[in-house]
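# Coordinate inspection notes
Listed below, chain by chain, are the residues.
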Amino acid sequence: MTRVLQPLLIDAAAPAAALPALEEAIAGQRALLPVPLQDPARTALLKDSQGAGQAIAEDIAVVVGTSGSTGTPKGAQLTPLNLVASADATHQFLGGEGQWVLAMPAHHIAGLQVLVRSLVAGWDPICVDLSTGFHIGGFARAAAQVRGQAYTALTPLQLAKAMDSLQGIEALRVFDAILIGGAPLNPQLARAAADMQITLVTTYGSSETSGGCVYDGRPLPGAQVRVTQGRIYLGGPMVARGYRNHPGHPAFAEEGWFATSDAGKLIDGRLTVTGRLDAVIDSGGLKLHPEVLEQAMLRIPGVTGACVIGVPHPRLGQAIVAAYSGSASVAEVLDGLDDLPRWQLPKELRQVAALPLVGPGKVDRRGVEKLF
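Anyway, here's the lowdown on the structure attached to this text.

### A closer look at the overall build of the protein
In terms of helices and strands, the protein carries 11 helices and 22 strands. Considering only C-alpha atoms, the protein reaches an extent of 65 × 50 × 45 Å along its principal axes. Burial analysis of the protein (372 residues in total) assigns 51% to the buried set. Contacts spanning at least 24 positions in sequence make up 66% of the contacts within the protein whose residues lie at least 6 apart. Accessible surface for the protein amounts to roughly 16,300 Å². Of this, 52% is attributable to carbon and sulfur atoms. Charge centroids of the protein, computed over 29 positive and 32 negative side chains, lie 4 Å from each other.

### Some points on the packing of helix H1 (residues 19–26) against helix H4 (residues 109–121)
Relative to each other, H1 and H4 sit at 75°, their axes nearing to 10 Å. Classed by the angle they form, the pair H1 and H4 counts as roughly perpendicular. For the pair H1 and H4, contact is made by Leu 19, Leu 22, Glu 23 and Ile 26 and by Leu 112, Leu 115, Val 116 and Leu 119, respectively. Per-class residue counts for the contact of H1 with H4 are seven nonpolar, no polar and one charged.

### Looking at helix H8 (residues 187–195)
Residues of H8 that are buried: Pro 187, Leu 189 and Ala 193. The buried residues of H8 all sit within an arc of 155° when viewed along its axis, so they share a single face. Close packing links the buried residues of H8 with helix H6 (156–162), strand E9 (200–206) and helix H9 (290–298). Where H8 begins, one side-chain oxygen reaches toward the backbone nitrogen of Gln 188, 2.8 Å away; that side chain belongs to Asn 186.

### Some details on the side chain of Asp 364
Here Asp 364 lies in the loop between strand E22 (362–363) and helix H11 (365–371). Only 3.2 Å separates the side chain of Asp 364 from the backbone nitrogen of Arg 366, close enough to count as a polar contact.

### A word on the sheet that holds strand E8 (residues 177–180)
Across the sheet, seven strands lie side by side as E6-E5-E7-E8-E9-E10-E11; this open sheet has mixed pairing. Sheet topology places strand E6 (126–127) and strand E11 (218–219) at the edges, where each strand pairs with a single neighbour. Pairing of E9 with strand E10 (residues 211–215) involves four bridges; the strand directions are antiparallel. Each bridged residue has a counterpart across the sheet, and for Gly 205 the counterpart in E10 is Gly 212.

### Notes on the packing of aromatic side chains
Per the stated rule, a full pass over the model turns up six aromatic pairs. Note on Phe 134 and Phe 139: the rings are 5.5 Å apart at their centroids and 55° apart in plane angle, and the pair reads as tilted. When its relative accessible area of 11% is taken as the criterion, Phe 134 is described as buried. By relative accessible area, Phe 139 is classed as buried at 0%.

### Here we look at the pairing of strand E4 (residues 75–78)
Because side chains alternate across E4, one face comprises the buried residues Gly 75 and Gln 77, and the other comprises Ala 76 and Leu 78, equally buried. With four bridges joining them, strand E3 (residues 62–65) and E4 adopt antiparallel strand pairing. Paired with Val 63 across the strands is Gln 77, a residue of E4.

### Focus: unusual backbone geometry
Non-glycine residue Asp 216 carries a positive phi angle of around 50°. Its place among the elements puts Asp 216 in the loop between E10 and E11. Take Asp 216: its relative accessible area is 30%, and that puts it in the partly exposed class. Phi angles above zero are rare outside glycine, and Gln 229 is one such case at about 50°.

### Details of the environment of Leu 340
Structurally, the position occupied by Leu 340 is in the loop between helix H10 (330–336) and strand E20 (348–351). Along the backbone, Leu 340 and Ala 263 are 77 residues apart, and their C-alpha atoms lie at a distance of 21 Å. Among all residues touching Leu 340, those that are not within four sequence positions of it are Leu 293, Ala 296 and Leu 345.

### Some details on the sheet that holds strand E12 (residues 224–228)
What holds strands together in a sheet is hydrogen bonding between their backbones, with the strands either parallel or antiparallel. In space, the four strands of this open sheet follow the order E12-E13-E14-E15, with antiparallel pairing throughout. In this open sheet, the two strands that pair with only one neighbour each are E12 and strand E15 (270–276). Here the average twist between neighbouring strands, direction ignored, is 50°. Here five bridges tie E12 to strand E13 (residues 231–235), and the two strands are oriented antiparallel to one another. Pairing of Val 227 across the sheet is with Ile 232, part of E13.

Calculation notes
- Numbers given to residues run from 1 along each chain, matching the order in which its sequence is written.
- Only residues with pLDDT of 70 or above have their local features reported here, since the model is predicted, and side-chain atom pairs are shown and tallied only from 80 upward, although totals for entire chains, interfaces and linings are computed over all residues.
- Hydrogens and water are ignored here; the side-chain numbers use all heavy atoms of the structure.
- Comment: elements are numbered from the N terminus, with helices defined as DSSP H or I runs of at least four residues and strands as E runs of at least two.
- Partly exposed residues are those whose accessible area sits between 20% and 50% of the maximum for their type, while under 20% is buried and over 50% is exposed, using a 1.4 Å probe and protein chains only.
- We call two residues in contact when some of their heavy atoms are within 4.5 Å.
- The Shrake-Rupley method, run with a 1.4 Å probe sphere, supplies the accessible areas, and residue values consider only the shown protein chains as cover.
- Just so you know, the count uses Lys and Arg for positive and Asp and Glu for negative, and it drops His and the chain ends.
- A charge is said to be at NZ when it belongs to Lys, at CZ for Arg, at CG for Asp and at CD for Glu.
- Every axis corresponds to a line fitted to the C-alpha atoms, with the helix fit spanning only the stretch in contact, and the corresponding angles, defined between N-to-C directions, vary from 0 to 180 degrees.
- If an angle is under 35 degrees, it is roughly parallel; if it is over 145, roughly antiparallel; if it lies from 65 to 115, roughly perpendicular; otherwise it is oblique.
- All amino acids are sorted into three groups, where Ala, Val, Leu, Ile, Met, Phe, Trp, Tyr, Cys and Pro are nonpolar, Asp, Glu, Lys and Arg are charged, and the leftover types, Gly among them, are polar.
- Summarising the geometry, the arc corresponds to the directions from the helix axis toward the C-beta atoms.
- Polar contact is the term for a pair of N or O atoms within 3.5 Å; when the atoms are in protein, one must be able to donate a hydrogen and the other to accept it, and sequence-neighboring residues count only if both atoms are side-chain atoms.
- Note on pairing: two strands pair once DSSP finds at least 2 bridges between them.
- Aromatic rings from Phe, Tyr and Trp, taking only the six-membered ring of Trp, are treated as a pair when their centres fall within 6.5 Å; an angle between ring planes under 30 degrees marks them as stacked, one over 60 as edge-to-face, and anything in between as tilted.

This is the structure we're talking about:
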């Protein structure tokens, strides 16, 4: 009988209901497309773009849609081996299996892998109700239920929200490790967490690599990293079998490797991500990775979020502009950037109540473009 790709509705209020189907997929019995029950538009887009109900290769367990800000999401085809290899490597890095608290949407790879790790470890996950958003009370109640070795995964935005209250800080301290991914971590937030004895592990990876495969700058057991002509390549048993809706995509041209869209450097085996190759700003012939300026802004007291983009300029080609959130004034931010080369300073700097987001806590750069 031909295997078809079946939608798996993920209920943000009760994501553990998906565990039996996910277990069957890991056992090689089904192919699933996780979709969000509470977001009909996203569900329809995923079903249509990924060919739900159509035939799929026998070795695919799940197809996970990427969280791009616009256009058609690509579908990373993950096998049972991909998922389990990633879960095993995570537990090996963290020092052993444990109980996981799911506090991220399970139709995204970061949340889905919390469920996979729970199945692999043989522990029931404790799930936070996210149907009305991420609330500290619900997260704290979930943290209070864990027993033994305890882990969770959060975005930097969720971490910042939790660290904004004593209840949240006490909940964060319960965990032996908190995986942080989906967006860059504010260095001020990282320092504050360390001061509060909150154990963070920064992760780098994507749906195409079954989630994070580089922790604190170093590849997980079995994973490989190389940088070729400035581009980051990720390899290992957790790398997907290409895209569902883009067969032959050049990102998977080399078997067992995924060519990311990120630039980086390897120093003594530790990876530093310097920015996205497709986001480089060319201003008057000088090239800037926006993440470099964003990190400089995030080190300024009172800046909680930052996004730097290039906008058309008649003389420079692109002008560097930036939006940020936080209590710091525009003058304070510019003073904090005083040690940067003058050409890197934003031609326009705008303070906003909150930066537009897409996916699990990522800044929507196209949404920021509309501000200018």
